[in-house]
Amino acid sequence: MIDKKCIAMLLAGGQGSRLYALTRSVAKPAVPYGGKYRIIDFPLSNCINSGIDTVGVLTQYQPLELTDYIGSGYAWDLDRMNGGVHILPPFQKATGSDWYLGTANAIYQNIRFIERYSPEYVLILSGDHIYKMDYSQLIAQHKKNDAACTIAVLEVPIDEASRFGIMNVNDDGSVYEFEEKPKAPKSNLASMGIYVFTRQKLLDYLELDAQNNDSSSDFGHDIIPSMLNAGERMFTYRFDGYWKDVGTIESLWEANMDLIDPNVPFDLWKEDMKIYSRNPIKQPHYITDNARIQNSIVTEGCYVDGYVDFSVLFDGVVIEPGATVRDSIIMPGAVIKPGATVQYAIIAENVVVDENATIGERPEDVDDKSRWGVTVVGSDSHVGRNAVIKAKAMVWSDVKEGETLC
């Protein structure tokens, strides 16, 4: 047994069904973000920046690419002899095997991993949020309050509070009530899905939950209310930095665009709380004399000979002469051919957009605003010459020459 003050359990097994074409073959935490990152880089980096060097990553849906990406954990300084990063998929047991039934059940199935390190505290994290946080401050407050559980919360506009799990608290920050997506919220303190538990309390309530056949085995729906009903000491930790749940196409697009919006206070280039990633080694990007680039992120390995505005280009992207990319995200290895136009779109990995194709529409060009949205082309697809893909379309296969998709 190796004694650890705190270990982290990172829930990374979600299907990410609302990301549609982007998660058909990869888990949501492995989706590219910000030109050179994957979503999972954020909680992993936050852990090492907070002094937490033991992380269990719980995988389930399409784990291959995520597992390959994490590897030994070297990129995040998590390749440790005592601790480090561990991939924890569902596994065969003497009595059979089970998929993770919910967030709490996923942790319950890995109790032996927790007990192996005998930590005082267990940090529960989600693998699909974009943010920087020093978890040591959260843990310090948890310890100071002698709490059974501390929940990170973010203030949201009161008119949006009904979309979140809301924590109602006393003046000292102690929680007296949890409401899941209340119609008439009493508070604007939204749960971020980040919890720190005193280890024995966590194990006790996971065991009780496992014995309840009516439970959905979810932290927010079952464990937190159960602890509150039992009168456990539960507190909130207020976070006031940038945080984005990238569970939808719109939120993923917005989170990328936030990086190039000077009015959004989220800076990935500061050395404090640096975000690490495992990137392929690429040649420097090349911008031709004919290229025009405005307010965009262009990663190494890109070749740009067209027009790029307010967009994020990942490594190895090619923008050929006469191509236009505006307000879009172009993921690794994609090629935009001459005369093609991409706007308000997410182009996934290794897509080829052929000559004079048009992908996406600007909001002002759409009469029926309910029809407008970000257009998505799934990985390894080929969009034929002169093809047109309208706003809000989701494409995960080849598009024929001249074809129009709505």
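It should be noted that the structure appears before, not after, this text.
### Examining the overall build of the protein chain
For the protein chain, the helix and strand inventory stands at eight helices and 34 strands. For 406 residues, the compact-globule estimate of 2.2 N^0.38 gives 22 Å, and the C-alpha radius of gyration of the protein chain, at 22 Å, lies within 12% of that figure. Seen through its C-alpha atoms, the protein chain measures out along the principal axes to roughly 65 × 50 × 45 Å. Evaluated residue by residue, the protein chain yields a buried proportion of 56% over its 406 residues. Restricting the contact set of the protein chain to residue pairs at least 6 apart, pairs at least 24 apart contribute 58%. Accessible surface computed for the protein chain: about 18,100 Å², of which carbon and sulfur atoms make up 46%. Averaging the positions of the 37 positive and the 56 negative side-chain charges in the protein chain gives two centres separated by 1 Å.

### Remarks on the packing of aromatic side chains
Overall, the coordinates contain 14 aromatic pairs when judged by the stated rule. Both rings, one in Y33 and one in F42, keep their centres 5.5 Å apart while their planes meet at 75°; by these two values the pair is edge-to-face. For Y33, a relative accessible area of 0% translates into the label buried. Counting every residue linked through ring pairs, the aromatic cluster contains Y33, Y37, F42, Y242 and F266.

### What about the pattern of salt bridges?
Counted under the stated rule, the structure contains 18 salt bridges. In this structure, K282 engages D315 in a salt bridge whose closest nitrogen and oxygen atoms are separated by 4.0 Å. One end of the pair, K282, is in the loop between α8 (249-258) and β16 (286-287); the other, D315, is in the loop between β21 (312-313) and β22 (318-319), with 33 residues separating them in the sequence. A relative accessible area of 11% means that D315 is categorised as buried. In this structure, R362 engages E364 in a salt bridge whose closest nitrogen and oxygen atoms are separated by 2.9 Å.

### Regarding the sheet that holds strand β30 (residues 375-377)
Ordered by their spatial adjacency, six strands build an open sheet running β18-β21-β24-β27-β30-β33, and the pairing between neighbours is parallel. Sheet topology places β18 (297-298) and β33 (394-395) at the edges, where each strand pairs with a single neighbour. Where β30 and β33 come together, two bridges link them in parallel fashion. Bridge pairing links V376 to M394 in β33.

### Comments concerning the sheet that holds strand β25 (residues 335-336)
Taken in spatial order, the six strands of this open sheet run β16-β19-β22-β25-β28-β31, and their pairing is parallel. Because the sheet does not close on itself, it has two edges, and the strands there are β16 and β31 (382-383). Pairing between β22 and β25: two bridges, direction parallel. Following the sheet pairing, I319 is matched in β25 by I336.

### A closer look at the environment of W243
Position of W243 relative to the elements: it lies in strand β15 (residues 243-245). Given a relative accessible area of 14%, W243 falls into the buried group. Between the C-alpha atoms of W243 and R326, which are 83 residues apart in sequence, the distance is 25 Å. Excluding its chain neighbours within four sequence positions, the residues that come into contact with W243 are H129, I130, Y131, L154, F164 and M192.

### Re the side chain of D209
With respect to the secondary-structure elements, D209 resides in helix α6 (residues 199-210). Judged by relative accessible area, D209 falls into the buried class, the value being 10%. A polar side-chain atom of D209 sits 2.5 Å from a polar atom in the side chain of S215. When near neighbours in sequence (up to four residues on either side) are disregarded, D209 contacts A104, S215, S217, D222 and I223.

### A few points about unusual backbone geometry
One non-glycine residue with positive phi stands out, namely D77, at about 60°. On the secondary structure map, D77 appears in the loop between α2 (64-70) and β5 (84-88). Residue classification places D77 among the partly exposed positions, given a relative accessible area of 43%. Non-glycine residue K181 carries a positive phi angle of around 50°. Mapped onto the fold, K181 is located in the loop between β12 (175-180) and β13 (189-198).

Reading guide: rules and limits
Residues numbered from 1 in each chain as written. Predicted model: local features only at pLDDT ≥ 70, side-chain atom pairs only at ≥ 80, totals over all residues. Heavy atoms only, no water. Helix = DSSP H or I, 4+ residues; strand = E, 2+ residues; numbered from the N terminus. Rg over C-alpha atoms; globule rule 2.2 N^0.38 Å. Buried < 20%, exposed > 50% of the residue type's maximum accessible area, 1.4 Å probe, protein only. Contact = heavy atoms within 4.5 Å. Areas by Shrake-Rupley, 256 points an atom, 1.4 Å probe, with all protein chains shown as cover. Lys, Arg positive; Asp, Glu negative; His and termini not counted. Charge placed at Lys NZ, Arg CZ, Asp CG, Glu CD. Phe/Tyr/Trp six-rings, centres within 6.5 Å; stacked < 30°, edge-to-face > 60°. Salt bridge = Lys/Arg side-chain N within 4 Å of Asp/Glu carboxyl O. Pairing = 2+ DSSP bridges. Polar contact = N/O pair within 3.5 Å; in protein donor to acceptor, adjacent residues only side chain to side chain.

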